[in-house]
Protein chains: 2
Amino acid sequence: MSAEIKKGYIRPLDLRNGRVDMSHGSGGRAMVQLITDLFSKHFANDYLSQGNDGTLLPEAKGRIVVSTDSHVVSPLFFPGGDIGCLSVHGTVNDVAVMGATPLYLTAGFILEEGFPLKDLARIVESMAKAAKEAGVTIVAGDTKVVEQGNGDGVFITTTGLGFLPDGDELSGDRVRPGDVVLLSGTLGDHGVAIMSQRENLSFDTPILSDTAALNGLVATMLASGANLKVMRDPTRGGLAATVNEISHQSGVGIHLDEANIPVRAEVEAACELLGLDPLNIANEGKLIAICAKEDSDLLLAAMRSHPLGERSAIIGQAVEDPNCFVQIRTRFGGRRMVDWLSGEQLPRIC
Amino acid sequence: MSAEIKKGYIRPLDLRNGRVDMSHGSGGRAMVQLITDLFSKHFANDYLSQGNDGTLLPEAKGRIVVSTDSHVVSPLFFPGGDIGCLSVHGTVNDVAVMGATPLYLTAGFILEEGFPLKDLARIVESMAKAAKEAGVTIVAGDTKVVEQGNGDGVFITTTGLGFLPDGDELSGDRVRPGDVVLLSGTLGDHGVAIMSQRENLSFDTPILSDTAALNGLVATMLASGANLKVMRDPTRGGLAATVNEISHQSGVGIHLDEANIPVRAEVEAACELLGLDPLNIANEGKLIAICAKEDSDLLLAAMRSHPLGERSAIIGQAVEDPNCFVQIRTRFGGRRMVDWLSGEQLPRIC
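Per chain, the residues get numbers from 1 upward, laid out in the order the sequence is written. Written order decides the labels, with chains lettered from A and ligands numbered from 1. Under the rules for a predicted model, residues below a pLDDT of 70 receive no local features and side-chain atom pairs below 80 are neither given nor counted, while totals for whole chains, interfaces and linings still include all residues. Each side-chain value is worked out from all heavy atoms of the structure, with water and hydrogens disregarded.

As a further point, take the overall build of chain A. If you tally the helices and strands in chain A, you get eight helices and 14 strands. Relative to a compact globule of 350 residues, whose C-alpha radius of gyration would be 20 Å, chain A shows 21 Å and is just as compact. By the burial criterion, 65% of the 350 residues in chain A qualify as buried. Sequence separation of at least 24 residues holds for 85% of the intrachain contacts in chain A that already meet a minimum separation of 6. In this description, accessible areas are obtained by the Shrake-Rupley approach with a 1.4 Å probe, and a residue is regarded as covered only by the protein chains that are shown. In the structure as shown, chain A presents an accessible area of about 12,400 Å², 47% of it carried by carbon and sulfur atoms. Charged-residue counts in this description rest on Lys and Arg as positive and Asp and Glu as negative, His and the chain ends being excluded. The atoms used to mark charge sites are NZ of Lys, CZ of Arg, CG of Asp and CD of Glu. If the 30 positive side-chain charges of chain A are averaged to one point and the 44 negative ones to another, these points end up 4 Å apart. Starting at the N terminus, helices and strands are each numbered in turn, a helix being any DSSP run of H or I of at least four residues and a strand any DSSP run of E of at least two. With C-alpha atoms as the basis for the radius of gyration, the globule rule is written as 2.2 Å multiplied by the number of residues raised to the power 0.38. Accessible area is worked out with a 1.4 Å probe on protein chains only. A residue is then buried under 20% of its type maximum, exposed over 50%, and partly exposed in between. Here, two residues are considered to be in contact whenever any of their heavy atoms come within 4.5 Å of each other.

Attention shifts here to the interface of chain A and chain B. Facing 85 residues of chain A, the contacting portion of chain B comprises 85 residues. Taking both sides of the interface into account, the surface hidden between chain A and chain B amounts to around 6,900 Å²; carbon and sulfur atoms contribute 57%. What counts as a salt bridge is simple: a side-chain nitrogen of Lys or Arg found within 4 Å of a carboxyl oxygen of Asp or Glu. Taken together, the connections running from chain A to chain B amount to 10 salt bridges. Note that Asp142(A) and Arg236(B) form a salt bridge whose closest N and O atoms lie 2.8 Å from each other. Each polar contact in these results corresponds to two N or O atoms within 3.5 Å; when the atoms are within protein, one needs to be able to donate a hydrogen and the other to accept it, and residues that are neighboring in sequence are counted only if both atoms are side-chain atoms. There are 36 residue pairs in polar contact (both at pLDDT 80 or more) connecting chain A and chain B. Those elements giving two or more residues to the side of chain A that touches chain B turn out to be α1 (29-43), β1 (55-59), β2 (63-71), β5 (101-112), β6 (137-146), β7 (154-164) and α6 (238-250) of chain A. Two parts placed together each lose some accessible area under a 1.4 Å probe, and the buried area is that loss summed for both.

To continue, consider the domain arrangement of chain A. Residue and element names in this part refer to chain A. Where each domain begins and ends is defined by an automated method or by a domain database. Taken domain by domain, chain A consists of domain 1 (3-164) and domain 2 (180-337). Facing 20 residues of domain 1, the contacting portion of domain 2 comprises 20 residues. Of the roughly 1,600 Å² buried where domain 1 meets domain 2, counting both sides, 61% is carbon and sulfur surface. For domain 1, the biggest contributors to the area lost against domain 2 are Pro79, Asn93 and Val97; these three give 35% of the whole. Across the contact surface, domain 1 and domain 2 share zero salt bridges. Joining domain 1 to domain 2, the criterion identifies nine residue pairs in polar contact (both at pLDDT 80 or more). Listed by contribution, the elements that provide at least two residues to the side of domain 1 that touches domain 2 are β3 (77-78) and α2 (83-96). When residues in the side of domain 1 that touches domain 2 are grouped by element, the largest group, eight residues, is from α2. Note on residue categories: nonpolar means Ala, Val, Leu, Ile, Met, Phe, Trp, Tyr, Cys or Pro, charged means Asp, Glu, Lys or Arg, and polar means any other residue, Gly included. Residues belonging to the side of domain 1 that touches domain 2 are distributed by class as follows: 12 nonpolar, seven polar and one charged.

Bringing helix α8 (residues 296-304) of chain A into the picture now. Since the α-helix turns once every 3.6 residues, residues separated by three or four places project in the same direction. Of all the positions in α8(A), only Ser296(A), Leu299(A), Leu300(A), Ala302(A) and Met303(A) are classed as buried. Projected onto a plane normal to the axis of α8(A), the buried residues spread over an arc of 160 degrees and lie on a single side. Throughout, the arc means the angular range of directions from the helix axis out to the C-beta atoms.

In this structure the tally under the stated criterion is 34 salt bridges over all chains. For Lys229(B), the salt bridge is made with Asp179(B), and the minimal N-O distance between the two is 2.8 Å. With a gap of 50 residues between them, Lys229(B) in strand β9 (residues 228-232) and Asp179(B) in the loop between β7 (154-164) and β8 (180-183) connect regions that are remote in the sequence. It is possible to trace a salt-bridge network through shared partners that takes in Asp69(A), Arg236(A), Asp142(B) and Lys144(B).

Attention now moves to the side chain of Ser224(B). All names here are of chain B. Mapping Ser224 onto the fold places it in the loop between α5 (215-223) and β9. Accessibility expressed as a relative area gives 19% for Ser224, which makes it buried. Setting aside its immediate chain neighbours within four residues, Ser224 contacts Leu298, Leu299 and Ala302.

Let us now look at the state of the cysteines. All names here are of chain B. What counts as a disulfide here is a pair of cysteine sulfur atoms lying within 2.5 Å. The tally for this structure, following the rule as stated, stands at zero disulfides over all chains. Cysteine Cys85 remains unbridged, with the sulfur of Cys350 as its closest cysteine sulfur at 13 Å. Classification of Cys85 as buried rests on a relative accessible area of 9%.

Below, the discussion takes up the packing of helix α4 (residues 189-199) of chain B against helix α7 (residues 265-274) of chain B. Residue and element names in this part refer to chain B. Where α4 meets α7, the closest approach of the two axes is 10 Å, and the angle between their N-to-C directions is 55 degrees. As the angle between them shows, α4 and α7 are arranged oblique. Relative to α7, the crossing made by α4 is left-handed. Here Asp189, Val192, Met195 and Glu199 of α4 lie close against α7, whose contacting residues are Val267, Ala270, Cys271 and Leu274. Its residues assigned to classes, the contact of α4 with α7 shows six nonpolar, no polar and two charged. All axes here are fitted lines through C-alpha atoms, helices being fitted over the stretch that makes contact, and every angle between N-to-C directions spans 0 to 180 degrees. Roughly parallel covers angles under 35 degrees, roughly antiparallel covers those over 145, roughly perpendicular covers 65 to 115, and oblique covers all other angles. Should the near helix be turned anticlockwise from the far one by less than a right angle, the crossing is termed left-handed; should it be turned clockwise, right-handed.

Here is the structure:
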């Protein structure tokens, strides 16, 4: 709905002391006011202001890649980020690791009655900033309000659209024995930042979420010309889940080398304290890439040339294995299986 | 995530007595199990089974139309439908009324811990059936779980993609004085069905939600060749909000004729009982269309030829009015303003 056309009707939101109430989801004037004073203001663009039930985008240039993610992270604000920028980064990254250029986002907000409007404003500003930095436009949105006690502040579902030029697509089923596994940086920062906040832990060096849009890094990697098979960002379930997914999709085993997997010292310390394994922890600004062996040095150099890939490393290799096992050589020279978690280690991490 | 590749890992869900628990949102095995046994099973298609972070769609045929809606309807099951089919219809309709052909949907689920899996299965089956009937494919999804007391059973955010062939687009700013307003059927059925369920009212003739996918009706209307200016489905805020939106977008007044607006007798009775005005009540299977005067009979005939448009009627006309007022001639011959609601009349209606 285009809102500015109805400006005559409405008084400004009380962004200092106001709270979300049920009328903000009603389809009436209060909703128009919320959209005008908050969403339209920060997300302003020609698509959003079309004001029709659907948004008309230009003709696609290439095949479409689409991805959707509902964000329920708790707490809403955490060291290094908040649900606003996270909801942009998460979906931008899922489109980008397909090798596509993310261009458009939609956003569906489910707000809890009583949520402070000033916190909502912070979240919307953070989303707008993240979208701008990632070069994507928020082209459509929706807002619903649920009664106090039937939600938890704010949930945000984003859907991303990107375009993939003709040519080979990246896919989890393209890995062959001998292919090399690269990781773009340190593991566990996001999950440990959230857990530390929840558990009220503090460290000498504060641990920040790594939440970031990876489409710039991906563009650098694609431009290197390396023969990439697949990229994926290890979010929920961590590197362990992501690598297991790929090993099963491609029907190969994967051997990792613990000594080469970068983990910040403070994250490692926190993991020991909390009984967590960095391999299972969600990341929000890292990707793994698997490429042909002969291109791995080329790809590594490209990744390290980008600010979000400075600590990139070669961390493993695909091997022939009908069981599709993922194994890791520990720092002590032993070998252990890397499995998915069966239960829930870190609820509401994203 | 493609799930079937990991079938070896997992035991079937207990769809009779089981409940959603936090592990179903973990990114680990329990989530894979939920996806395999429920979502993949009912939504099965080649796009979903790609199993990558994003879904690769074929090259677009025309300009893209996108729309998103978060669904928080309460109760989840209501006379004539449920949140599952509603979440498909709502988004399909927003794409269709743009004149585009809806083809793809994404779905983000936010589940509350403790929600019965058998109810979730009913919802997913209903979504799958609605998608099939509407000719759209659910190509990507996401599932999150929040703790009991931080959600309300199930919230579903759908995003729809459709394609619009070259030519004039429909838009709320294209209406000119003299253009004619048509409505595809009775007003208020959805909202009154929900309210009756909530208030435990029963009527001799049960009132059912009108929830339905309108893309077939829209195709019939487009094929008629009538000079359509805009279509829109009067959901939250009802016909009153929709017509006011358009009058302001186009800078015209709109005069409606109450005697010509179809309302079921039982809906009218319920509205009197509940103190509601059918003009403000949400509909989920109706649309309004505005066309050039000379084509209104042609368009009306086309609408009435479709099962979802049998009770279509010409309900008003655009007029010159710098104030963009919407007015209605009442059955008693008077004239009154039709305004948006400022507050919330029917919370969580969709």
